[in-house]
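# Understanding the architecture of this molecule
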Amino acid sequence: MDRRQLEEAFFKGLMIASTVIIVGILFAILAVVLLKGAPLLSLSMLTQTPKGGYYLGKGGGILNAIIGSLYLAFGATFLSFIIAFPIALYLQEYARNRFASFVRLSLDILWGVPSIVYGAFGFTIMLYLGLRACLLGGIIVLTLLMLPIMTRAMDEVMRMVPHELRETSYAVGSTRLEALLRVVSRQALPGILTAVLLAFGRGIGDAASILFTAGYTDHIPHSLFDPAASLPLAVFFLLGTPLPEVQERAYAAAVILLVIILSTSVISRLLTTKWTKFVIK
Amino acid sequence: MNLKLTRKLKEVIASRLMLLITALSSMLIFVMILGLFLKARLILATQSLPELLLSTSWHPLRGEFGFYPFILGTIWVTVLAMFFSIPSCLLTSIYLTEYASAKIRAFIKPLIDLLAGIPSVVYGLWGILVVVPLVKDHIAPLFGYPTSGYCLLTGGFVLAIMVFPVLISVSEEVFRAVPHEVREISLALGATRWQTVKHAQMVPRIKGIIAAIVLGFSRAFGETMAVMMVVGNVAQVPSSVFQPAYPLPALIANNYGEMMSIPLYDAALLLAALLLLLIVLVFSVGARIVLLRIERRVV
């Protein structure tokens, strides 16, 4: 074996090793969190709000955080869809090249903005408007966080739709809006769905942006102006408590969060394959 | 006639509305910079920016806001994370683009996407459960340093894992952008695969690779929760990787919202947010320009 082959074998070995390590770490994270947390899950954890002394080891659950997180994530997903979908459509057909690349760049930058900055900025605005930490504030800040993710993901799938389809639709007399809504969107439907679920997953897992804006409470929010608890912050705050048996509840909260996120990604995969049937190839 | 008119009207109204939404959204980044700047002006009026950035004394109640320990903490965590993640991510992405069979790729890619979806508090929790004891009981004694385990090394390691997915997917794209012919010519000349990768792909793509790395780390720079949970949060200039540090995002997360009664403190934290935003902005714009150029040259 000459030096070249030795070098080849050496680097190939390194590559396989690093791939195995990276995949191994993923499994290690999932395994540790699931194994530690799953035995601690109980029905009361899922169905009750914290009772008095919950943070000192007394009974109750984290229903407040589960409901709060779902309110926040669904609210923000809905709002950002309303904003993201028109932007993605606009970028396809109406925007001139220059303007489109400017919008794309600006959204890409927004995608990279740390979520703590969204949180700080959002809270500053809320103070200016005289709002306290509340569900609405959390939803709005999460919307800002999800918007670039959802828009860019939708934009990318819509760009993949062949131009001929649009032209065919113009040829039979449709307006640009009709072509976009009835042809392009329908073609890109599986991808649009993936974009929505991707943003949902990001939103429900984010903690730093809602730390100040949504607050934390032991109660289930009844209006948009009540503070709302959330799962990521439940993990964070429970871990920060002094008693080990209360800290363990954080593991269970993390399992609930992981299960929601993993099932979102599985659902997204399943629906994508199912809906792809309707796409003209 | 009427029908035609409503269709046209719809088209016009919709396009105006969409333009409005698009324009407003793309202005958001400027609004954020402006908003943070207006709030941070208060502290910039009392001290000059270099003074703030280079002073080590952080005593908000006495009105001393030295960001130096926090900036250093952020840089150290990021550098450590780069040290851990760059070699392994580059090797993995080369493996995935050049060596792995379609089957293996189809198995690994979704897993990496999954890794990207795990929330940062879960990474932090894993760090506390696994990495902190590992550093405390095994790694630090090896070098003879006593540590609680909540230190720079732990933070850097957890952050490295968090940037794996971004780094792998962006650098994969860079490697994929190399035309197939180049690869084939190199192989036909008798080069081994590794030589092909090294000479025909890595060296000419070095700018793209650096851009991919910068992009990955502009994400990592502002990561808050996971790092904050394992890095110790002590406002000091760290002298070794086994010492705790206090990165900027953690500073904001721990203190903002509670210190609204002291206007200067509030302004200082928003200045920290502005700094994070601007650094991320510069890096990601730079990286994207390089990446765009590569894309254009290939296409």
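By convention here, each chain's residues receive numbers from 1 onward along its written sequence. All chains are assigned letters beginning with A, and all ligands numbers beginning with 1, in the order in which they are written. Per-residue local features are limited, in this predicted model, to residues with pLDDT of at least 70; the limit for side-chain atom pairs, both in listing and counting, is 80 or more; totals at the level of whole chains, interfaces and linings are taken over all residues. Excluded from the side-chain calculations are hydrogens and water; all other atoms, namely the structure's heavy atoms, are used.

Another aspect to go through is the interface of chain A and chain B. Here a residue-residue contact requires only that any non-hydrogen atoms of the pair lie within 4.5 Å. Facing the 75 residues of chain A at the interface are 78 residues of chain B. A side-chain nitrogen of Lys or Arg and a carboxyl oxygen of Asp or Glu constitute a salt bridge if their distance falls within 4 Å. Viewed at the interface, chain B and chain A are joined by five salt bridges. Asp108(A) is the partner of Arg288(B) in a salt bridge, and the nearest nitrogen-oxygen pair spans 3.6 Å. Classification convention: Asp, Glu, Lys, Arg as charged; Ala, Val, Leu, Ile, Met, Phe, Trp, Tyr, Cys, Pro as nonpolar; all other residues, Gly among them, as polar. By residue class, the composition of the side of chain A that touches chain B is 55 nonpolar, 10 polar and 10 charged.

Next up on the list: the packing of helix α8 (residues 176-187) of chain A against helix α9 (residues 189-205) of chain A. All names here are of chain A. It is at 4 Å that the axes of α8 and α9 come closest, and there the two elements cross at 70°. Relative to α9, α8 is oriented roughly perpendicular. Taken together, the residues of α9 that come into contact with α8 (itself represented by Ser-185, Arg-186 and Gln-187) are Leu-189, Pro-190 and Ile-192. Grouping the constituent residues of the contact of α8 with α9 by class yields three nonpolar, two polar and one charged. All axes here are fitted lines through C-alpha atoms, helices being fitted over the stretch that makes contact, and every angle between N-to-C directions spans 0 to 180 degrees. Secondary structure is summarised from DSSP: a helix means a run of H or I of at least four residues, a strand means a run of E of at least two, and numbering begins at the N terminus for each. Between 65 and 115 degrees an angle is taken as roughly perpendicular, under 35 as roughly parallel, over 145 as roughly antiparallel, and anywhere else as oblique.

Right, let's get into the domain arrangement of chain A. By a widely used convention, the size of an interface equals the accessible area lost when the partners come together. Residues and elements named next belong to chain A. Residue ranges assigned to the domains are those given by an automatic or database domain assignment. Splitting chain A by domain gives domain 1 (3-40) and domain 2 (43-278). On a C-alpha basis, the centroid separation for the pair domain 1 and domain 2 is 30 Å. The interface of domain 1 with domain 2 comprises seven residues on the first partner and eight residues on the second. Buried area is understood as the total, over both parts, of accessible area removed when two parts are fitted together, assessed with a 1.4 Å probe. Carbon and sulfur atoms make up 88% of the surface buried where domain 1 meets domain 2, a total of about 630 Å² over both sides. For domain 1, the biggest contributors to the area lost against domain 2 are Val-33, Leu-34 and Leu-40; these three give 60% of the whole.

Checked against the element boundaries, Ser174(A) lands in the loop between α7 (163-171) and α8. By the criterion applied in these results, polar contacts are pairs of N or O atoms within 3.5 Å in which, for protein atoms, one can donate a hydrogen and the other can accept it, and in which residues neighboring in sequence qualify only through two side-chain atoms. Among the polar contacts made by the side chain of Ser174(A), one reaches the side chain of Ser169(A) at a distance of 2.7 Å.

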